[in-house]
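The primary structure of each chain is shown beneath.
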Amino acid sequence: MQRCLDVFETMLAQSSFEFERPLTGMEIECNLVDGDYQPAMTNQEVLASIADPAYQTELGAYNIEFNVPPRPLPGRAALDLETEVRASLNAAEVKANEDGSHIVMVGILPTLMPEHLAGSWMSESTRYQALNDSIFTARGEDMTIDISGPERLSLQAATIAPESACTSMQLHLQVSPADFARNWNAAQVLAGPQLAVGANSPYFFGHQLWAETRIELFAQATDTRPDELKTQGVRPRVWFGERWITSIFDLFEENVRYFPSLLPELSDEDPAAELAAGRTPRLSELRLHNGTVYRWNRPVYDVVNGRPHLRVENRVLPAGPTVVDMMANAAFYYGLLRTLSEEDRPVWTKLSFAAAHHNFQEAAQHGMDARLYWPGLGEVTPDELVLRQLLPLAHDGLRRWGVAGEVCDRYLGVIEGRAKTGRTGASWQVATVQALQERGLARPQALAEMLRLYVQRMHSNEAVHTWD
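This write-up is about the structure you can find in this document. Here the structure is a predicted model, which means the values were calculated and not measured.

1. Concerning the overall build of the protein
So, point 1. Helix and strand content of the protein: 16 helices and 15 strands.
So, point 2. For the C-alpha atoms alone, the extent of the protein along its principal axes is close to 70 × 50 × 45 Å.
So, point 3. When burial is assessed residue by residue, the protein has 60% of its 468 residues classed as buried.
So, point 4. Sequence-distant contacts, at least 24 apart, represent 74% of the contacts inside the protein between residues at least 6 apart.
So, point 5. Summed over all atoms, the accessible surface of the protein reaches about 17,900 Å², with 48% contributed by carbon and sulfur.
So, point 6. In the protein, 40 side chains carry a positive charge and 61 a negative one; their mean positions are 5 Å apart.

2. Quick notes on helix 6 (residues 213-221)
An α-helical segment advances 3.6 residues per turn. Residues three or four places apart therefore align on the same side.
So, point 1. Across the 9 residues of helix 6, 8 count as buried, placing the element largely inside the fold.
So, point 2. Along helix 6, the positions that sit buried rather than exposed are Thr213, Arg214, Ile215, Glu216, Leu217, Phe218, Gln220 and Ala221.
So, point 3. As for helix 6, its buried residues are in contact with strand 5 (143-147), helix 5 (177-198), strand 8 (203-204), strand 10 (238-239), strand 11 (294-295) and helix 12 (353-366).

3. Let's talk about the pairing of strand 6 (residues 153-157)
So, point 1. Residues Leu153, Leu155 and Ala157 of strand 6 are buried on one face, while the alternating residues Ser154 and Gln156, pointing to the opposite face, are not.
So, point 2. Note: strand 5 against strand 6, 5 bridges, orientation antiparallel. Bridge pairing in strand 6 places isoleucine 145 opposite leucine 155.
So, point 3. The turn joining strand 5 and strand 6, which pair antiparallel and follow one another in sequence, is formed by 5 residues; a positive phi near 130° is taken by glycine 149.

4. What about the environment of threonine 280?
So, point 1. Secondary-structure assignment places threonine 280 in the loop between helix 9 (271-276) and helix 10 (284-290).
So, point 2. C-alpha of threonine 280 to C-alpha of valine 303: the two residues are 23 residues apart in sequence and 7.5 Å apart in space.
So, point 3. Apart from residues lying up to four places away in sequence, threonine 280 is in contact with Met11, Tyr301, Val303, Gly306, Arg307 and Pro308.
So, point 4. Within the local environment of threonine 280, its side chain forms a polar contact with the backbone oxygen of glycine 306, the two atoms lying 2.6 Å apart.

5. Examining the side chain of histidine 309
So, point 1. Tracing the backbone shows histidine 309 in strand 13 (residues 307-314).
So, point 2. For histidine 309, a relative accessible area of 5% translates into the label buried.
So, point 3. Reaching out from histidine 309, the side chain makes a polar contact with the side chain of arginine 311 at a distance of 2.8 Å.
So, point 4. Not counting the four nearest positions on each side in its chain, histidine 309 is found in contact with Phe17, Glu18, Gln174, Val300, Tyr301, Asp302 and Val304.

6. Some thoughts on the pattern of salt bridges
So, point 1. Taken as a whole, this structure holds 25 salt bridges when the rule is applied.
So, point 2. A salt bridge links glutamate 406 to arginine 76, with the nearest nitrogen and oxygen atoms 2.7 Å apart. One end of the pair, glutamate 406, is in helix 14 (residues 405-421); the other, arginine 76, is in the loop between strand 3 (63-71) and helix 3 (77-97), with 330 residues separating them in the sequence.
So, point 3. Between arginine 298 and glutamate 313 there is a salt bridge; the shortest N-O distance is 3.6 Å. Note that arginine 298 is positioned in strand 12 (residues 297-304) and glutamate 313 in strand 13, a separation of 15 residues in sequence.
So, point 4. Here the salt bridges do not stand alone but share partners, grouping Arg338, Glu342, Asp396, Arg399 and Arg400 into one network.

7. Description of unusual backbone geometry
So, point 1. That bond from glycine 320 to proline 321 is cis: its omega, -5°, falls within 30 degrees of zero.
So, point 2. In the Ramachandran plot, tyrosine 37 falls in the positive-phi region, its phi being about 65° despite a non-glycine side chain.
So, point 3. In this structure, asparagine 461 takes a positive phi of about 60° despite not being glycine.
So, point 4. Within the secondary structure layout, asparagine 461 lies in the segment after helix 16 (443-460).
So, point 5. Look at asparagine 461 and you get buried, because its relative accessible area is 9%.

8. Observations concerning the nonpolar core
So, point 1. Ranked by size, the top nonpolar core spans 162 residues in total, and within it Phe8, Ile28, Phe332 and Tyr454 carry the most contacts.
So, point 2. Not counting chain neighbours up to four residues away, the residues in contact with isoleucine 28 comprise Ile64, Glu65, Phe66, Val68, Val85, Met105, Ser168, Met169, Ala319 and Met326.

9. Some words on the pairing of strand 3
So, point 1. Where strand 1 (residues 24-33) and strand 3 come together, 7 bridges link them in antiparallel fashion. Paired with glutamate 27 across the two strands is asparagine 67, which belongs to strand 3.
So, point 2. As paired strands, strand 2 (residues 55-57) and strand 3 are joined by 3 bridges and run antiparallel to one another. Directly across from glutamine 56, in strand 3, lies its bridge partner glutamate 65.
So, point 3. Hairpin remark: strand 2 followed by strand 3, antiparallel, with 5 residues in the connecting loop.

Criteria and thresholds
- Residues numbered from 1 in each chain as written.
- Predicted model: local features only at pLDDT ≥ 70, side-chain atom pairs only at ≥ 80, totals over all residues.
- Heavy atoms only, no water.
- Helix = DSSP H or I, 4+ residues; strand = E, 2+ residues; numbered from the N terminus.
- Buried < 20%, exposed > 50% of the residue type's maximum accessible area, 1.4 Å probe, protein only.
- Contact = heavy atoms within 4.5 Å.
- Areas by Shrake-Rupley, 256 points an atom, 1.4 Å probe, with all protein chains shown as cover.
- Lys, Arg positive; Asp, Glu negative; His and termini not counted.
- Charge placed at Lys NZ, Arg CZ, Asp CG, Glu CD.
- Pairing = 2+ DSSP bridges.
- Polar contact = N/O pair within 3.5 Å; in protein donor to acceptor, adjacent residues only side chain to side chain.
- Salt bridge = Lys/Arg side-chain N within 4 Å of Asp/Glu carboxyl O.
- Core = buried A, V, L, I, M, F, W, Y, C linked by side-chain atoms within 4.5 Å.

So this is what it looks like as structure tokens:
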């Protein structure tokens, strides 16, 4: 990894990275349920039926991932993308139905219970098994999951199974080496507001926890540190980070310095010899290691058709509730990223890194009821921050990208609707379960019925702030 890092440093100074036509990409992690809206451990059968390389396994046997092909942002591209994503997911749903399964886009599957993760919950993969084994070897003890909230949850886990509950959408943006640090810093600033308006994971194992429980669950479920290492200040592998950066190199260098390797796979490549021969090194060990450090905004080095490129991978958001909601989350993010990264006096020069991290944790815990700090405004609620400050900046950023006006209006209108109503996927789930319990349903039945209603509305593609 050190040799890869040295070569990467040389490449940043000398090589030509591809960024002339910035591409965006999206990955959507989904859950599979049966006819009773309980987890269905059928991803092998479902993927065989779908038979599309865009769909792949995830950690849990009840998860699949949909990789949306990269594309540029300008013009009406987003409207075409929305149509394509809906068509692809609908076709996949039809195939999944042949096995009696349904596809659900949600941050944490509300009907998932401890008994579902006791048996053969893991996808068939030597890498997933190796990851599980190496995390527990590093820990030397069972995992403690302890999450506060309205209904605190505390339990011991002997596998990384709880991690499989966390299903997200990832947004990618290709950037130049010179612009990477500004884009990453801006993405870190945005993580709190993104979560507040996008929360969609209020339940885990039947308990109402955080608005975006996925954030805390993922951090605890992959923690390689026993208690004594935590008290010594060893960094967690699910990591917000600890400082603003000046180069993408800072992040890869931190990865190598702070985190031991979890997966001992070696390639035959000599990266220095490849570079000296005029070829593009794949830097396989550095990239594999980067994949086991779970930053909420992750740096990505990749090679396509012999040319290297860099991406910011935004991993903050949960999946769902609808395709239009996810497109709105993406438009909000890409628009803000463009504006904030190009400011003469960037917002992160007026905001401490600790404050950005606090905003992130606060938004994950409280969603639209959070209190967020913003330079010039002080402490504000997410609705005020979004309506007064962020939506105009997002509109401006999308215009700079050359995005069509009707695209801006459609997707940023969804964010405006959420800010004005205070309704997110998380708040709708909680309100619906409470209403069902008031009608006499027990919690497990209320969760299953809520999920049935959720799936109906998910297929309607009506934005969540309009759901009754």
